[in-house]
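The lines below spell out each chain.
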Amino acid sequence: MINTSTGSKLVRLLKEHTVLVIADIVAVYLSLSGWNYYDVKYFIAWHDEYFVNGRILDVYSSNLKVAYPPLAVLTFVLFHHLATTISPSSIIVWRLVDKLPLLVSFNAVYFLLRRKYGKLASYLWLLNLVAYSTINAYQFDLLVALFILLAMISIEKRHYQLYGFFSTLATLIKQSVALIAVLPVVELLSKRSYGELAKYMLVVFATGVVFIAPFLTVAPYCFFEKVLLFHAKRPPQQLSVWAIPAYMVNYDLSKLPSWIGEAWVIALALFVVWVLYSFSTEISTEKSGDLGLVYAKFNTILLSGFLVLSKVSNINYFIWLSIPLIVFIAKTREYRFTRKLVELYLFASLAITTLFGILSTFVQVVAGYPIFVFEDWKWIPTDEFFVKGYAYEPFDTIYLAALYMRSVPALREPCKSLASTHNYFLALLCAIYACVLCYTVKIALKTSTKKIP
């Protein structure tokens with residue numbers, strides 16, 4: 001029997017975290033309902049063709065797409081091996097077990113935010129629709145979010161080595177997050193704390209070497225080609241401002257000027273240099289100020305600028321920004337800005353998940369038109385998208401809803417109109433998203449990080 005005291009504590013715990021319980025129910029259902037097969041098929045191949053044969057170190061020299069650093073690869077193959085061990089053939093079991101790291105990260109971020117930064121921060125996290133979209137599709141960004149948050153908590157007490165450790169782990173999953181690891185270097189150089197800087201760099205280097213060296217020694221060129229050069233060669237896509245011309249020509253890259261593929265590097269580099277200079281100026285005068293707030297502010301600015309200026313700005317990348325932005329909202333004492341930042345955060349989360357999903361996928365499904373897959377830069381039949389991505393959904397809810405709407409002319413015909421012109425709406429959405437992020441940067445720059453006496 002359950003002890004009465006234990007039962008009462010459990011009831012109180014459930015009441016206190018009712019919103020989380022509801023969010024978890026949604027997250028688990030989304031875990032079971034499907035995934036983005038056009039990414040996951042490569043992930044499964046890492047396991048089936050290399051991991052089970054004891055050749056995982058050769059994966060970067062293969063013909064497979066491996067555009068992720070080693071920690072992402074290892075995370076998937078280990079959990080997928082567990083999934084196939086539990087059930088060799090059940091897709092439902094595979095989805096749930098494969099997504100366990102995402103579900104754990106989702107909950108861990110909630111509890112860490114609630115404990116360290118309060119209820120508002122934890123509720124803002126649960127209202128982040130991009131997190132649910134990422135769980136459904138399967139991407140590694142929730143792990144990145146957890147490591148960024150752990151880094152942010154570490155810097156509160158000036159634990160630079162821990163900040164370096166966690167930011168490096170985040171980078172070993174998604175390489176672009178390396179931007180946040182540069183801030184302590186700038187701070188410690190500006191304060192001439194060379195001993196602390198040496199220890200910080202040692203932790204970053206050692207953490208990276210542990211995961212990278214085994215793969216790098218087997219196929220150094222292939223490793224760099226797939227982890228770095230692959231992204232350099234990708235066309236502008238999803239929510240990047242550089243993708244707007246691609247939408248305007250309906251994805252026909254032959255109609256785009258060649259300089260679009262390179263200009264973003266210059267723009268982003270100039271932005272990063274300016275941000276680091278501003279950070280150096282502000283941090284050099286920081287004595288009694290809130291170091292955690294300073295880092296939250298400039299990580300928000302850095303990642304906002306990256307999402308605007310990077311050639312590839314996928315929906316799930318917003319999760320990287322969510323963590324420092326939530327911390328920034330929770331810690332800032334200039335309440336005239338807090339409401340604006342909350343509104344921008346919620347609007348961006350809603351717009352880039354709901355509107356982008358509706359315009360790029362849902363209306364095509366209802367209309368019966370092909371869907372454009374950014375990852376492979378090609379059109380695929382809508383039914384192929386459903387069969388490969390959402391087969392074996394427990395209740396077939398999404399598929400049945402789409403079929404019903406396709407059978408009703410009053411619903412199907414407007415979707416056909418939207419589907420045939422969706423690229424122009426996506427271009428508009430990119431512009432709106434960029435404006436939201438730029439306004440976020442503007443507010444962050446105005447916010448003081450000095451302690452109020």
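Residues numbered from 1 in each chain as written. Predicted model: local features only at pLDDT ≥ 70, side-chain atom pairs only at ≥ 80, totals over all residues. Heavy atoms only, no water.

Peer 1: An account of the packing of aromatic side chains is needed here, citing residue identities and associated values.
Peer 2: Counted under the stated rule, the structure contains 39 aromatic pairs. Ring geometry for Phe 356 versus Phe 374: centroids 6.0 Å apart, planes at 40°, classification tilted. Taken as a pair, Phe 356 in helix H18 (residues 335-367) and Phe 374 in the loop between strand E3 (371-373) and strand E4 (378-380) lie far apart in primary sequence, 18 residues in all. Of the residues examined, Phe 374 reaches a relative accessible area of 8% and is grouped as buried. Taking 5.9 Å as the distance between ring centres and 50° as the angle between the ring planes, the aromatic pair formed by Phe 385 and Tyr 390 counts as tilted. By the ring-pair criterion, three or more aromatic residues cluster together here, those being Tyr 247, Tyr 251, Phe 356, Phe 372, Phe 374, Trp 377 and Trp 379. Sitting above the plane of the Trp 35 ring, Arg 95 keeps its charged end 5.5 Å from the centroid. (Phe/Tyr/Trp six-rings, centres within 6.5 Å; stacked < 30°, edge-to-face > 60°. Helix = DSSP H or I, 4+ residues; strand = E, 2+ residues; numbered from the N terminus. Buried < 20%, exposed > 50% of the residue type's maximum accessible area, 1.4 Å probe, protein only. Lys NZ or Arg CZ within 6 Å of the ring centre and 35° of its normal.)

Peer 1: Run through the nonpolar core, naming residues and quoting values.
Peer 2: Grouped together as the largest cluster of nonpolar side chains are 140 residues, with contacts concentrated most on Trp 46 and Trp 125. The element contributing the most residues to this core is helix H16 (residues 291-309), with 13 residues. Each residue touching Trp 125, except ones within four places of it in the same chain, is listed here: Phe 106, Val 109, Tyr 110, Leu 113, Ala 131, Leu 142, Ala 145, Ile 319, Ser 322, Ile 323, Ile 326 and Tyr 345. (Core = buried A, V, L, I, M, F, W, Y, C linked by side-chain atoms within 4.5 Å. Contact = heavy atoms within 4.5 Å.)

Peer 1: Break down the packing of helix H4 (residues 70-86) against helix H5 (residues 91-98) for me, citing the residues and quoting the values.
Peer 2: Two elements in contact, H4 and H5, have axes separated by 8 Å at closest approach and are oriented at 145°. Crossing hand, H4 versus H5: right-handed. Along its contact with H4, which presents Phe 76, Phe 79, His 80, Leu 82, Ala 83, Thr 84 and Ile 86, the element H5 presents Val 93, Trp 94, Val 97 and Asp 98. Here the residues of the contact of H4 with H5 are counted per class, giving eight nonpolar, two polar and one charged. (Axes fitted to C-alpha atoms, helices over the stretch in contact; angles between N-to-C directions. Left-handed = near helix turned anticlockwise from the far one by under 90°. Nonpolar A, V, L, I, M, F, W, Y, C, P; charged D, E, K, R; others polar.)

Peer 1: Could you give an account of the state of the cysteines, naming the residues involved and the relevant values?
Peer 2: Enumeration over the complete set of coordinates arrives at zero disulfides. Residue Cys 438 stays outside any disulfide, its sulfur separated by 6.5 Å from that of Cys 435, the closest cysteine. Cys 438 sits in the partly exposed class, given a relative accessible area of 44%. (Disulfide = S-S within 2.5 Å.)

Peer 1: Go over the environment of Arg 406 with me, naming the residues and quoting the values.
Peer 2: Counting through the fold element by element, Arg 406 comes out in helix H20 (residues 397-407). Taking C-alpha positions, Arg 406 is 7.5 Å from Gly 368, a pair spaced 38 residues apart along the chain. Among the polar contacts listed, one links the side chain of Arg 406 to the backbone oxygen of Val 365, at a separation of 2.8 Å. (Polar contact = N/O pair within 3.5 Å; in protein donor to acceptor, adjacent residues only side chain to side chain.)

Peer 1: Please provide a residue-by-residue account of the environment of Gln 364, values included.
Peer 2: One can find Gln 364 in helix H18. We classify Gln 364 as buried; its relative accessible area is 1%. Counting along the chain gives 48 residues from Gln 364 to Arg 412, while the straight-line C-alpha distance between them is 9.7 Å. Setting aside residues up to four positions removed in sequence, Gln 364 forms contacts with Ile 358, Leu 359, Tyr 369, Pro 370, Ile 371, Thr 382, Ala 419 and His 422. Within the structure, Gln 364 has its side chain in polar contact with the side chain of His 422 (distance 3.1 Å).

Peer 1: Explain helix H15 (residues 260-284) to me, and be specific about the residues and the numbers.
Peer 2: Between its first and last C-alpha, H15 extends 37 Å over 25 residues, near the 36 Å set by a 1.5 Å rise per residue. Contacts from the buried residues of H15 go to helix H11 (183-190), helix H14 (244-248) and H16. (Expected span 1.5 Å × (residues − 1).)

Peer 1: Before we move on, can you summarise a nonpolar patch on the surface with the specific residues and values?
Peer 2: Together, Tyr 221, Phe 224, Leu 228 and Leu 229 line one region of the surface with nonpolar side chains, adding up to about 420 Å² of accessible area. Inspection of the secondary structure puts Leu 228 in helix H13 (residues 220-233). Take Leu 228: its relative accessible area is 45%, and that puts it in the partly exposed class. (Patch = residues over 30% accessible without salt bridge, like charges linked within 9 Å, V, L, I, M, F, W, Y side chains within 5 Å. Areas by Shrake-Rupley, 256 points an atom, 1.4 Å probe, with all protein chains shown as cover. Salt bridge = Lys/Arg side-chain N within 4 Å of Asp/Glu carboxyl O.)

Peer 1: I'd love a proper account of the pattern of salt bridges, names of residues and values included.
Peer 2: Enumeration according to the criterion identifies 17 salt bridges in this entry. In this structure, the salt-bridge partner of Asp 376 is Lys 65, at a minimum N-O distance of 2.8 Å. Residue Asp 376 is found in the loop between E3 and E4, and its partner Lys 65 is found in the loop between helix H3 (37-51) and H4; the two are separated by 311 residues along the sequence. With a shortest N-O distance of 3.3 Å, Arg 412 and Glu 413 are connected by a salt bridge. Residue class for Glu 413 comes out partly exposed when judged on its relative accessible area of 37%.

Peer 1: Give a description of the packing of H15 against H16 that names residues and reports values.
Peer 2: In contact at an axis separation of 10 Å, H15 and H16 are set at 170° when each is read in the N-to-C sense. Here H15 lies roughly antiparallel to H16, going by the angle between them. Across the interface between the two elements, Trp 264, Ala 267, Leu 268, Phe 271, Val 272, Val 275, Ser 278, Phe 279, Glu 282 and Ile 283 of H15 pack against Leu 291, Val 294, Tyr 295, Lys 297, Phe 298, Ile 301, Leu 302, Gly 305, Phe 306 and Leu 309 of H16. For the contact of H15 with H16, a count of residues per class yields 16 nonpolar, two polar and two charged. (Parallel < 35°, antiparallel > 145°, perpendicular 65-115°, else oblique.)

Peer 1: Any chance you could break down the side chain of Gln 175 for me, citing the residues and the numbers?
Peer 2: As for its position among the elements, Gln 175 is in the loop between helix H10 (160-171) and H11. The exposure class of Gln 175 is buried, given its relative accessible area of 16%. Once residues lying within four places of it in the same chain are set aside, the contact partners of Gln 175 are Ala 67, Pro 69, Val 227 and His 231.

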